[in-house]
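What follows is each chain in one-letter form.
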Amino acid sequence: MEETNLHEVLRSVYEEMMPLCEDMATVAKAVAGLGALFYVAIKVWQSLSRAEPIDLFPMLRPFAIGICIMLFSTLVLGSINGVLSPIVEGSHSMLESQVLDLNELQQKKDLLEREAMLRNPEMAYLASDEEFDKKLEELGWSPSDLVTMSGMYMERQMFEVKKQIRDGFREFLEILFQAAALVIDTIRTFFLIVLSILGPIAFAISVWDGFQSTLTQWLTRYISVYLWLPVADIFSAILAKIQSLIIERDIEMLADPNFIPDTSNTVYIIFMIIGIIGYFTVPTVTGWVIQAGGAGNFMRNVNQTAQKSGNLAGAAAGSATGNISGKLLK
């Protein structure tokens, strides 16, 4: 199953779980009704004890919250999701356009790299079977030629092994990169489902005097978690744009007939590691957009895990690519 299909499954899970809000709404109505009774009674008693006219406007708050509880799925969740959905769609379209450009540039770069290797007589036979056979035909059957043939076979075999190891490590990082995105989306979906199902209870508790802040806290947390996906898409779009600029620079260098390309893909591996670590900073960045409390200890543990994973991936990348950090310092 592709990554996009897994994201679709998570969206389907969210939609399938929404009817459970109606079950919680039944319990929330009783809690809100009892809270409204005490709330109105206290307000009336305070006005009578002070010999003041009764202010009806503050007493409308429990009834407004009660309407929200009865129509929670359509009025509350429908309104919030309807306002925030264009943000998700806009950020996703931005990501798709950048990834499309990146894929086109990558295909062009791969073609130019192969052409550049074929131009180099010392590396052409490693990349092309035709060049390898042609070079074998040029050799004779003298002892020195046989030694040269053996060296060519060994060098070509080592080149293939090195390429397979590099491609395997690259695929491993790509899997980790996609897994990081799915982890963020899965946690986001879990939080949204829990907030949505328990939303009527939070609204009902906010009717009680002294718990009014529960309503605003629920709203800020729901909006903050909902924005995780747009922030993740924007982060991915930024990475794709940076990679596109790097590939465009490589294409310009490959246009030089005398340029010999480096097939180690060091920069690509570095950006994969950056992406893996960066995905786990999405909740922190979203907290800058809208301030929301809660889930602090959990996200702190997630960030610590991301740092450990990044250190492990960086160590593996350094051993696989030949001390990347040393090359960067040079």
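As recorded in an unreviewed UniProt entry, the protein goes by the name Conjugative transposon protein TraJ, listed as coming from Chryseobacterium muglaense.

Trainee: Sorry, what's going on with the packing of helix H2 (residues 20-49) against helix H8 (residues 199-207) here?
Mentor: The angle between the axes and the distance between the axes are what describe a pair of packed helices. Running from N to C, H2 and H8 point in directions that differ by 0°, and their axes come no closer than 8 Å. Here H2 lies roughly parallel to H8, going by the angle between them. Residues Cys21, Met24, Ala25, Val27, Ala28, Val31, Ala32, Gly35, Ala36 and Tyr39 of H2 touch H8, and the partners they reach there are Pro200, Ile201, Ala204 and Val207.

Trainee: What is the right way to look at unusual backbone geometry in this model?
Mentor: Excluding glycine, a negative phi dihedral is what most residues carry, and trans is how most peptide bonds are arranged. Of note, alanine 51 is a non-glycine position whose phi angle comes to about 55°, a positive value. Inspection of the secondary structure puts alanine 51 in the loop between H2 and helix H3 (60-70). Owing to a relative accessible area of 71%, alanine 51 belongs among the exposed residues under this scheme.

Trainee: Can you help me understand the pattern of salt bridges in this one?
Mentor: Charged atoms that come close allow side chains of opposite charge to pair. Here the structure, examined in full by the defined rule, presents two salt bridges. Residue glutamate 8 is joined to arginine 11 by a salt bridge in which the shortest nitrogen-to-oxygen separation is 3.2 Å. With glutamate 8 and arginine 11 both in helix H1 (residues 3-17) and three residues apart, the pair spans about one turn of that helix. You can call arginine 11 partly exposed: its relative accessible area is 31%. For aspartate 185, the salt bridge is made with arginine 188, and the minimal N-O distance between the two is 3.7 Å. With aspartate 185 and arginine 188 both in helix H7 (residues 143-197), this residue pair falls three residues apart, about one helical turn. Among the residues examined, aspartate 185 registers a relative accessible area of 3% and is labelled buried. Residue arginine 188 is classed as buried on the basis of its relative accessible area, which comes to 8%.

Trainee: Please clarify how the side chain of aspartate 233 should be interpreted in this entry.
Mentor: Among the secondary structure elements, aspartate 233 is positioned in helix H10 (residues 228-254). Buried and unpaired, aspartate 233 has no salt bridge, with arginine 11 as the nearest side chain of opposite charge at 6.1 Å. Beyond its immediate stretch of four places on either side in the chain, aspartate 233 contacts Val88, Ser91, His92 and Leu95.

Trainee: Would you mind showing me how to read a nonpolar patch on the surface here?
Mentor: Taken together, the side chains of Val27, Val31, Ile205 and Phe211 define a hydrophobic patch exposed on the protein surface, amounting to about 300 Å² of accessible area. Along the chain, valine 31 turns up in helix H2.

Scoring rules and cut-offs
- Residues numbered from 1 in each chain as written.
- Predicted model: local features only at pLDDT ≥ 70, side-chain atom pairs only at ≥ 80, totals over all residues.
- Heavy atoms only, no water.
- Axes fitted to C-alpha atoms, helices over the stretch in contact; angles between N-to-C directions.
- Helix = DSSP H or I, 4+ residues; strand = E, 2+ residues; numbered from the N terminus.
- Parallel < 35°, antiparallel > 145°, perpendicular 65-115°, else oblique.
- Contact = heavy atoms within 4.5 Å.
- Buried < 20%, exposed > 50% of the residue type's maximum accessible area, 1.4 Å probe, protein only.
- Salt bridge = Lys/Arg side-chain N within 4 Å of Asp/Glu carboxyl O.
- Lys, Arg positive; Asp, Glu negative; His and termini not counted.
- Patch = residues over 30% accessible without salt bridge, like charges linked within 9 Å, V, L, I, M, F, W, Y side chains within 5 Å.
- Areas by Shrake-Rupley, 256 points an atom, 1.4 Å probe, with all protein chains shown as cover.

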